[in-house]
Every structure is written in C-alpha cells, then in structure tokens.
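Structure assessment
The primary structure of each chain is shown beneath.
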Amino acid sequence: MVNELLNYAKAETEQLRSGESFALKDLFKGYEWKRIKQGEKSVLGTLFLNFAQSTETIEIMKSGNGIIYQKKN
C-alpha cells in the first residue's frame, strides 16, 4: 500500500512546473490524504524524502513542522 502511494506521489511530481513548491500532501486530493492512516503517512513521508534526496528534479526547501519541496527543471 505505501509503495503504491509513493509511486503515485512520484508520478504526480511530473505534473508540476519548474519552480513550484509543494508539500507531500499536496500531491493527493484532500479526501485521499485523509484516508491514509497516520502510520502510513509517516512511512510515506520518509520514503518520499529519500526519493527527493536521490533525484535531481526535486529540491528540499524547508523542514521542521513539515517539509516543503520544490520542483527543479
């Protein structure tokens, strides 16, 4: 389930324009995000952060209360 969510989030980043900032939950429709269990959100967040750190297309902008990402070229 979490891997499917991760693949969905990765695919959604392809729809973003260069320079757009986003949080992980922005990649999901509101009701979809609310349906994900808290434990799965935590794992998904870690997996997406690892993905962002390993790709050239996403930059990590801010962390703390929440991580903000930015789409690169």
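Structural data are supplied above this passage.
A few points on the structure.

Parameters and conventions
- Counting restarts for each chain: residues are numbered from 1 in the order of the written sequence.
- It should be noted that, the model being predicted, local features are given only for residues of pLDDT at least 70 and side-chain atom pairs only at 80 or more, the latter also being counted only at that level, while totals for whole chains, interfaces and linings use all residues.
- Side-chain calculation: all heavy atoms of the structure are included, whereas hydrogens and water are not.
- Helix and strand definitions follow DSSP, with helices as H or I runs of at least four residues and strands as E runs of at least two, each counted in order from the N terminus.
- Accessibility here uses a 1.4 Å probe with only protein chains present; expressed as a share of the type maximum, an area under 20% marks a residue as buried, one over 50% as exposed, and anything in between as partly exposed.
- All accessible-area figures derive from a Shrake-Rupley calculation using a 1.4 Å probe, and residue coverage is judged against the displayed protein chains alone.
- For this count, His and the chain ends are skipped, Lys and Arg are scored as positive, and Asp and Glu as negative.
- Charge placement uses NZ in Lys and CZ in Arg. For Asp and Glu, CG and CD serve respectively.
- Classification of ring pairs rests on two measures: the distance between centres of Phe, Tyr or Trp rings, Trp counted by its six-membered ring, which must be within 6.5 Å, and the angle between planes, read as stacked under 30 degrees, edge-to-face over 60 and tilted in between.
- Given a helix with a known number of residues, its expected span is that number minus one, times 1.5 Å.
- The directions from the helix axis to the C-beta atoms form the arc being described.

A tally of helices and strands in the protein chain yields three helices and three strands. Along its sequence from the N terminus, the protein chain presents helices and strands in the succession α-β-α-α-β-β. Taking all 73 residues of the protein chain together, the buried fraction comes to 30%. Carbon and sulfur atoms provide 46% of the accessible area of the protein chain, an area that totals close to 5,000 Å². Here the protein chain holds 11 positive side-chain charges and 9 negative ones, and the gap between their average locations is 6 Å.

Here the focus is the packing of aromatic side chains. What describes a pair of aromatic rings is the distance from one ring centre to the other and the angle between the planes of the rings. Here the structure, examined in full by the defined rule, presents six aromatic pairs. On the numbers, 5.5 Å between centres and 40° between planes, the contact of Phe28 with Trp33 is tilted. Of the residues examined, Phe28 reaches a relative accessible area of 8% and is grouped as buried. Between Phe48 and Tyr69 the ring centres are 5.0 Å apart and the planes differ by 85°, which places this aromatic pair in the edge-to-face class. With Phe48 in helix α3 (residues 38-54) and Tyr69 in strand β3 (residues 68-71), the pair connects residues that are 21 residues apart, well separated along the chain.

Spanning 17 residues, α3 covers 24 Å between terminal C-alpha atoms, matching the ideal 24 Å at 1.5 Å per step. When α3 is considered as a whole, its buried residues turn out to be Lys41, Leu44, Phe48, Phe51 and Ala52. Around the axis of α3, the buried residues are gathered within 95° of arc, so they sit on the same side. Those residues of α3 that are exposed and angled more than 90 degrees off the buried face are Gln53 and Ser54.

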